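Chains, contacts and geometry: an overview
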Amino acid sequence: MKHIVKIMTLLMAISSFWIGLLEMLVVPPNYTWVLPLYFIVLVGCYGLLMVGVGLMRFPTCPQEAGLLQQVVFPLTLMVSLL
């Protein structure tokens, strides 16, 4: 839910910035079609940045891995019996 709010806030900010540029005619009209492409590239870069940050902050804890194996192993046995 928190990521959805972040993405929606980013979309609103970019959209308002784009509409502001169109209203003030800061950007020539023949370049305005490029702005949504820049936005798509910006969102892709943001997504890659978030994935990179998530990978860098991913903790490697042997204790947590053991607890996860204790949960997953019985589930795999139960699925294999079905």
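Because the structure is a prediction, the values reported are computed rather than measured.

Another aspect to go through is the overall build of the protein chain. When helices and strands are counted, the protein chain shows three helices and zero strands. Along the protein chain, helices (α) and strands (β) appear in the sequence α-α-α when read from the amino end. Taken over the C-alpha atoms alone, the protein chain extends approximately 65 × 30 × 20 Å along its principal axes. Across the 82 residues in the protein chain, those meeting the buried criterion constitute 6%. For the protein chain, the accessible area works out to roughly 7,400 Å², and carbon and sulfur atoms hold 78% of it.

Taken as a whole, the largest pocket holds about 170 Å³ of empty space. Considering the residues around the largest pocket, the lining is formed by I14, S15, F17, W18, L21, L35, P36, Y38, F39 and L42. At the level of secondary structure, the elements contributing two or more residues to the lining of the largest pocket comprise α1 (2–24) and α2 (35–56). Among the residues making up the lining of the largest pocket, the classes are represented as nine nonpolar, one polar and no charged.

Time to look at the environment of P36. Topologically, P36 is positioned in helix α2. Judged by its relative accessible area of 28%, P36 falls in the partly exposed class. For P36 and S15, which are 21 residues apart along the polypeptide, the C-alpha to C-alpha distance reads 9.1 Å.

Taken N-terminus to C-terminus, the directions of α1 and α2 make an angle of 155°; their axes are 11 Å apart at the nearest point. Relative to α2, the element α1 is oriented roughly antiparallel. In this structure, α1 meets α2 at a crossing whose hand is right-handed. Residues K6, L10, L11, I14, W18 and L21 of α1 touch α2, and the partners they reach there are L35, P36, F39, L42 and Y46. Each residue belonging to the contact of α1 with α2 can be placed in one class, and the counts come to ten nonpolar, no polar and one charged.

Residues with a pLDDT of 70 or more make up 91% of the protein chain, whose mean pLDDT is 79. When the elements of the protein chain are averaged for pLDDT, helix α3 (residues 62–81) gives the smallest value, 78, and α2 the largest, 83.

Moving on: α3. Between its terminal C-alpha atoms α3 stretches 29 Å, which fits the 28 Å expected from 20 residues at 1.5 Å a residue. Burial within α3 is sparse, with just zero of its 20 residues counted as buried.

The rules behind the values
- Residues numbered from 1 in each chain as written.
- Predicted model: local features only at pLDDT ≥ 70, side-chain atom pairs only at ≥ 80, totals over all residues.
- Heavy atoms only, no water.
- Helix = DSSP H or I, 4+ residues; strand = E, 2+ residues; numbered from the N terminus.
- Buried < 20%, exposed > 50% of the residue type's maximum accessible area, 1.4 Å probe, protein only.
- Areas by Shrake-Rupley, 256 points an atom, 1.4 Å probe, with all protein chains shown as cover.
- 1 Å grid on protein atoms, 1.4 Å probe; cavity = no way out; pocket = protein on both sides within 12 Å on 5 of 7 lines; lining within 4 Å.
- Points joined across faces, edges and corners; volume = space filled by probe spheres on them.
- Nonpolar A, V, L, I, M, F, W, Y, C, P; charged D, E, K, R; others polar.
- Axes fitted to C-alpha atoms, helices over the stretch in contact; angles between N-to-C directions.
- Parallel < 35°, antiparallel > 145°, perpendicular 65-115°, else oblique.
- Left-handed = near helix turned anticlockwise from the far one by under 90°.
- Contact = heavy atoms within 4.5 Å.
- pLDDT = per-residue confidence, 0-100.
- Expected span 1.5 Å × (residues − 1).

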